Amino acid sequence: MTQQTDRSATAEPVAPPQSWQERTALPAFSPRTLLSRALSVPLVLGFSVFLPLLVLVQPGTGLHDSALWLQLALAMYSGIRLSAMILTSRRKLLAGSFWLFVYMAMGVAPLAQAVLGRTPTPVVGARTDLTEAVALVLIGCVAFDIGSLLARQRPERKRDEGLRPALVHRRRLYLLTVVAFVGSALLVVKLGGPAVFFTSRQEIISSVQEAGLSQADSQAGQAIVRGFGTVPALIAWLVYTRWLVTSRRARRSVVVITVWLALAALNTVVNNPISNPRFWFLTVFFSLLFTVFPVSAAMYRIALSLGVVVALIVFPFADRFRYDDANYRPVQTTSPLEPLALKDYDQVGMFANTITYVRSGRGHTYGRQLAGSVLFAVPRSVWPGKPMDTGVVVGQWMGATNTNLSSPVWAELWIDFGPIGMTAGFAALGYAAARVDRRYARRAVRRAPPGSLIALVVPLVSGYSFILLRGPLLQASGRVAIAACCIALITTFRQDRAAGLR
């Protein structure tokens, strides 16, 4: 009797039997899930089928050869992948930015150029070089996906989960704020006052030359001054923005609100779309958007979807402030595709020109171009043989008047390491992007502290990835190095309340 009593006392409780209604009830779906499923089919078909085919049937003088059909395949493939990024249950900022760039700059826009038979930059080599360039872009995209799949198969280690998250150190943030105001003030004074930042980019370039920051053989001085005048201001503003968004205590602080307003005014001067390239303002917009809405899946989907509209309609006409009134020439077009063939999207054509340049006898550089990008701050007086931008090198070889040409990552990797190195490089990029996106999705949640550094860095990198993917890397390296220094300055792994944001 005693044994039976003990067994009954220690036995686990038995769950009550389910009722007929509970057994036959359908699983509950949220309205957001139903909406996503309802939009998935038209979204995928629109990006991957309808839009590319709509471009394909437009009248034009382009050749219907293997280059065109490969370009159509690339547009469809990237459309499917972009749709997957929009419809995913996780916010994949880095992968989403990658596929948005590929879809527009390497997919739809070059397809429109192939149909019309017009390119922003002349393709000087044989048609086979263009065909190879499109094929290599497609191979790089597949390699990016393979790297992402490999990252997905790698399990999370317990030691990775136990690592202390990187946070923003409050006192060092105050120091960064001072650096931001000093650096921006120096830039404003060097260029002649705030008014020049609201004229045109042509006036900015003239002011840079008059200030002696730009030289024929070196752009390091210009890159450093402009970088310190724009990057610390943006990063400090993003930190204060997240602090206000996630902390009720910060929203009650007059000091925090005042500093945020001052930084907002500062960024209005030095980081506005009038005086800065469109890709840099896209960086500012994307990083600020994902900082203000840190956990909104709807905002993430809207941003990627509207990015296609902006790239198709706004970007080709957004150069109104590139020139002054005397030199501005508005786009005269009768076809919605012509702006895509006239400006901005020369990435595939420049990749083809890079292939032709290498095969003309120059050969691969075996890491020399990458070394020039990493060591961008070394002046040419110290390193006389320092390589120039890849776009400038190829442009000078082509005899182009304007050598401010793009050099996409595909071209940068290919000129240094050939097709095998390019493929391996994109596999590594896909792996790294997937790992960072997974960690961001796990840590950038509502309960994350206001000073969570990953919630600030990933939106910034996702916005700047448009510049990195477009290239040349040497032009993009200056701001990358300055941003890395700013982030290192404010980073701490201490968990005490005295050091972090509250």
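Look up a bit, the structure's there.
Report follows, based on the coordinates. (Residues numbered from 1 in each chain as written. Predicted model: local features only at pLDDT ≥ 70, side-chain atom pairs only at ≥ 80, totals over all residues. Heavy atoms only, no water.)

## Details of a nonpolar patch on the surface
- Among the surface-exposed residues, I302, L306, V309, V310, I313 and V314 lie close enough to one another that they form a single nonpolar patch of about 480 Å² accessible area.
- Within the secondary structure, L306 sits in helix α14 (residues 297-314).
- Note on L306: relative accessible area 48%, which makes it partly exposed. (Patch = residues over 30% accessible without salt bridge, like charges linked within 9 Å, V, L, I, M, F, W, Y side chains within 5 Å. Areas by Shrake-Rupley, 256 points an atom, 1.4 Å probe, with all protein chains shown as cover. Salt bridge = Lys/Arg side-chain N within 4 Å of Asp/Glu carboxyl O. Helix = DSSP H or I, 4+ residues; strand = E, 2+ residues; numbered from the N terminus. Buried < 20%, exposed > 50% of the residue type's maximum accessible area, 1.4 Å probe, protein only.)

## Here we look at the nonpolar core
- Counting residues in hydrophobic clusters, the biggest one holds 125 residues, and the most contacted among them are M106, F197, I235, F351 and W410.
- Ranked by the residues each element gives to this core, the list is headed by helix α5 (residues 93-116), at 19 residues.
- Discounting chain neighbours no more than four positions away, the residues touching F197 are L187, V188, L191, I204, V269, V270, N272, I274 and S275. (Core = buried A, V, L, I, M, F, W, Y, C linked by side-chain atoms within 4.5 Å. Contact = heavy atoms within 4.5 Å.)

## Comments concerning the packing of helix α20 (residues 454-470) against helix α21 (residues 473-490)
- Packing of α20 against α21 brings their axes to within 10 Å, and their N-to-C directions diverge by 170°. Taken together, the axes of α20 and α21 lie roughly antiparallel to each other. Between α20, through V457, L460, Y464, I467 and L468, and α21, the contact on the second element is made entirely by L473, A476, R479, V480 and I487.
- The residue makeup of the contact of α20 with α21, split by class, is 9 nonpolar, no polar and 1 charged. (Axes fitted to C-alpha atoms, helices over the stretch in contact; angles between N-to-C directions. Parallel < 35°, antiparallel > 145°, perpendicular 65-115°, else oblique. Nonpolar A, V, L, I, M, F, W, Y, C, P; charged D, E, K, R; others polar.)

## Considerations on the side chain of D145
- Topologically, D145 is positioned in helix α6 (residues 127-153).
- A polar contact is formed between the side chain of D145 and the side chain of Y77, at a distance of 2.5 Å.
- Not counting the four nearest positions on each side in its chain, D145 is found in contact with Y77, R81 and W99. (Polar contact = N/O pair within 3.5 Å; in protein donor to acceptor, adjacent residues only side chain to side chain.)

## Overview of the pattern of salt bridges
- One pass over the full model with this rule turns up 4 salt bridges.
- The salt bridge partner of R81 is D145, with a shortest N-O separation of 2.9 Å. Highlighted residues: R81 in helix α4 (residues 66-87) and D145 in helix α6, separated in sequence by 64 residues. Accessibility classification places R81 together with D145 in one group, the buried group.
- Between R359 and E132 there is a salt bridge whose closest N-O contact spans 2.7 Å. Of the two residues, R359 sits in helix α16 (residues 347-362) while E132 sits in helix α6, which places them 227 residues apart along the sequence.
- Judged by relative accessible area, which is 51%, R359 ranks as exposed.

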